[in-house]
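Structure assessment
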Amino acid sequence: MIRRDALDQLPVRTALPALRAALDGPGSAVLCAPPGTGKTTSVPLDLAGLTGEGPVRRVLVAEPRRMAARAAARRMAWLLGEEVGTGAAPAQGWGPVGFTVRGERRAGPRTTVEVVTTGVLLQRLQRDPELAGVDVVVLDECHERHLDADTSAAFLLDVRETLRPELRLVAASATTDAEGWARLLGGAQGAAPVVEATGVSHPVEVVWAPPERPVRPAHGTRVDPALLTHVAGVVRRALRERTGDVLCFLPGVGEIGRVAGELAGVDAEVLQVHGRAPAEVQDAVLAGGNGVRRVVLATSVAESSLTVPGVRVVVDSGLARVPRTDHARGLSALTTVRASRAAARQRAGRAGREAPGAVYRCWAEGEDGRLPAFPDPEIRVADLTAFALQAACWGDPAADGLALLDAPPAGALAAAREVLTAIGAVDGAGRATERGVRMARLGLHPRLARALLDGAPEVGVRRAAEVVALLSEEPPRAYGDDLAAAWRTARRGGDAYGARWRQEARRLASAAGEPRGGSGAGGEPRSGSAAAGEPRGGSAAGADGGRGAGAQLTDDAVAGLVAALAFPERVARARRKGSYLMASGTGAELAGAQAGGGHRPGSSGPGDGSGLRDAEWLAVAVADRPVAAASARVRLAAVIDEETACAAAPALYASGEEVRWSEGDVVARRVTRLGAIELAARPLTAPDPGLLRDAVVSGLRREGLGLLRWSAAAVSLRQRMAFVHRELGAPWPDVSDAALLECVEEWLGVELGRARRRADLERVDAGQALARLLPWATGDAARFDELAPERIEVPSGSRVRVDYGGAQPVLAVKLQELFGWQESPRVAGGRVPVLVHLLSPAGRPAAVTADLASFWRDGYRSVRAELRGRYPKHPWPEDPSAAEPTRHTSARLKRG
């Protein structure tokens, strides 16, 4: 029995005629509908003809999260008076509404509306690009800009253009870039219609509740405990000041657990909702309370696609957790960021879904305008390896033919292609190989797919699948940082993570054991494959598929090999206790011991540091790099040995002569390396001359020209050359540090050929080498001494050195030696006057002039009056321009 009363109350129904018209016309539309209007549940039922209006069509709804997919399907089934089946498939098949998520399928031939995750949609498009039997695809919550959703949209648009022009497409969201999506969906035909639903929105009062004292900004996955204590305090305040249930948004599972602990003793039921929560917990939250007031602590999974009944108050921490990739270090991790204004609006809207409500924002009103308007699209910031493989399998390795709102960054895409080439997923032209297609259909990140396919023959399908399942969803922190110990904990544990792990391991074992694409491949099990009745403990898969393979290997060895196959550039060797160097060149540090289980027998216990601390080699599975930290932080790793490291990373293994400048001198060795890790080295007695020359040049460029011997004459020559270049330009060479280092082979070629170490450079006469740069070929070098004379002869007969070290050449000479000289000397072909520093008989500065005639006429009289009494034995004529120049005293001058 269709629940007409509930359907008729949904505001989105007023927009359905316009939406149907758009789909019957251009065939695509953007649907903008506020939260709570029925966008996710009513629209698919109407488009499928299940509400009695319009023709019957098969509708596929894509949600960004498994929790949202299950919840949307159950809500639609409820509106039809049906239930989404549980347990084994009924004999008559599943009902009109079903769902498919990774590892669980509740759909069959009778299913008219099927809700899937965007990841499942991608897999389905790769296997069946035409989406045979599907009439309409609804991309829900497209504003979140998840990478799978953007990729699915691009593939669907390609399908509409080339294979199925009749396929209808709807991009739906509460807050989105409607114009951008309209242009994208419309393509060459012009923008697609934008259909807006103006629902009855209940008012939501905004309460600004910033912490009283400053808190440290979040970095990596760390959130200041003081902020979490404050959030818990705001929840208590909201319980006192308001009625109804409270929905509190936090960035991750760890923060949810901490705030739950802070709320112990409140007069309400505290529930935790996140992607890792058991399905029954998620269902209980979405089913509503039983008269007991509730506090629901949730991650961003509760932002959209579902309504939590009874919520009248939202407490927003203002934080979100998003993927980020450090391409330079090859590290991908979740990081905590400030939530965008769009996300804040979505969160606040949860309080007004059913009645007027309030949102408590844990930041100051003045900060709100500085928040980003929208979250960063994942394609701009995330690891693109899986995207690049999907594009290659689609037949567009460069992804330049895909209709995307944002093009993938060139650097990130190039890094992704390098990984895919290294693991054999694509060929030299970027096209997907047969192996790459199989990897894509496993429903895993390509790195983990490689570990499963290459690890299964070595350790057995079952064991490889179990370890890969651990890596596909990081275990709880309580499991510890030792991958092998976490594996054992998952096997014997009865927690929610353990249940999900066993289910995923079964799926992977099935997929890896059936290379031709049996059930379980691509994340879509057969209907009812997640039925209850599996044993809780023991192995996750019954048959090994490679019986006998790896039977002699311990769990530690298996975990290490599989992790190393997944992340070969992260195999690491100890530098000191607890500190490692990864093959990628990035340092890695072990964290302290994690609370709870996960330690191997005999390993250090809680408070003594990581149980991996004494390992010589590690395969690092999960690591992140805290802000401002030089090294990565190891969060999950397995013990390996050197042989395993080399076997897992053959492309990084290299042996050869290494001649380089290191720590101030040339080092020549034969070195065996695994990436940045030095495995062995011995000195070279006769290194390659070319390598030696390169090393010496590298040392010069790194440490500068001070390595050479610069005599006073060499310094003077360089200053003269610099002066002529500055005043006359070409063909006179630039002799600045940068220019000399750039052309070092040209003027130091002979010496470089003989140099083998730093001491050889220190013996090089820099002046002799520098003279080679003078323009000898054009004949101009012959004029060098004329243009920039080293010395100038003055009237007394002395040859005085000119200083070219400043902005203007300087001639420092005793005043009496210039008697009779009418004009100041000039250099550079008469272009530049020499600045004359007139000295007293004792060699002290007396005057400075660039115009001697003017000085004799105007300045000499005051200098003479000051100095003749101090130096009475020296001549001080009244007319210096006509006097005889001298280096001597008056008496000596009289004696002749």
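Above this text is the structure in question.
Residues numbered from 1 in each chain as written. Predicted model: local features only at pLDDT ≥ 70, side-chain atom pairs only at ≥ 80, totals over all residues. Heavy atoms only, no water.

For the rest of this paragraph, the subject is the sheet that holds strand β24 (residues 677-683). In space, the three strands of this open sheet follow the order β22-β23-β24, with antiparallel pairing throughout. What marks the edges here is a single partner per strand, and that holds for β22 (653-662) and β24. When strand polarity is set aside, the average angle formed by the axes of neighbouring strands in this sheet is 35 degrees. Packing of helix α23 (residues 689-703) onto the sheet brings it into contact with β22 and β23 (665-674), and relative to β22 it is tilted by some 50 degrees. (Pairing = 2+ DSSP bridges. Helix = DSSP H or I, 4+ residues; strand = E, 2+ residues; numbered from the N terminus. Axes fitted to C-alpha atoms, helices over the stretch in contact; angles between N-to-C directions. Contact = heavy atoms within 4.5 Å.)

A few words on the sheet that holds strand β31 (residues 845-849). Spatial strand order, β25-β26-β27-β30-β31: five strands in an open sheet with mixed pairing. What marks the edges here is a single partner per strand, and that holds for β25 (791-793) and β31. When strand polarity is set aside, the average angle formed by the axes of neighbouring strands in this sheet is 30 degrees. In this structure, strand β27 (residues 810-814) lies alongside strand β30 (residues 835-839), joined through five bridges in parallel fashion. Along β30, the bridge assignment pairs Val 813 with Leu 838. Contacts from helix α30 (residues 852-867) reach β30 and β31, with the element oriented near 165 degrees to β31.

On to the packing of aromatic side chains, then. Counted by the stated rule, this structure contains nine aromatic pairs. Ring centres 5.5 Å apart and planes at 55 degrees place the aromatic pair Phe 855 and Trp 856 in the tilted group. Trp 856 shares its class with Phe 855; the two are buried. An aromatic cluster is built from Phe 819, Phe 855, Trp 856 and Tyr 860, whose rings are joined through pairwise contacts. In this structure, Arg 570 is placed above the aromatic ring of Phe 567, and the distance from its NZ or CZ to the ring centre is 4.2 Å. (Phe/Tyr/Trp six-rings, centres within 6.5 Å; stacked < 30°, edge-to-face > 60°. Buried < 20%, exposed > 50% of the residue type's maximum accessible area, 1.4 Å probe, protein only. Lys NZ or Arg CZ within 6 Å of the ring centre and 35° of its normal.)

Glycine aside, residues mostly have negative phi, and peptide bonds are mostly found in the trans state. For the peptide bond that leads from Ala 730 to Pro 731, omega is 10 degrees, which places it in the cis range. Topologically, Pro 731 is positioned in the loop between α24 (712-728) and α25 (737-742). Its identity is not glycine, yet Arg 145 carries a phi of approximately 55 degrees, on the positive side. As for its placement among the helices and strands, Arg 145 is situated in the loop between β6 (136-139) and α6 (147-162). Positive phi is not limited to glycine here, since Ala 399 has a value of about 60 degrees. One can find Ala 399 in the loop between α14 (385-394) and α15 (410-422).

Moving on: the pattern of salt bridges. Considering all chains together, one arrives at 60 salt bridges under this definition. Between Asp 555 and Arg 491 there is a salt bridge whose closest N-O contact spans 3.0 Å. Placement of the pair is Asp 555 in helix α21 (residues 555-566) and Arg 491 in helix α19 (residues 483-492), with a sequence separation of 64 residues. Here Asp 555 falls in the buried class, since its relative accessible area comes to 16%. By relative accessible area, which is 19% here, Arg 491 ends up buried. Its salt-bridge partner being Arg 576, residue Glu 589 comes within 3.8 Å of it at the nearest N-O pair. On the criterion of sequence distance, the pair formed by Glu 589 in strand β19 (residues 587-590) and Arg 576 in strand β17 (residues 571-576) is long-range, its members being 13 residues apart. (Salt bridge = Lys/Arg side-chain N within 4 Å of Asp/Glu carboxyl O.)

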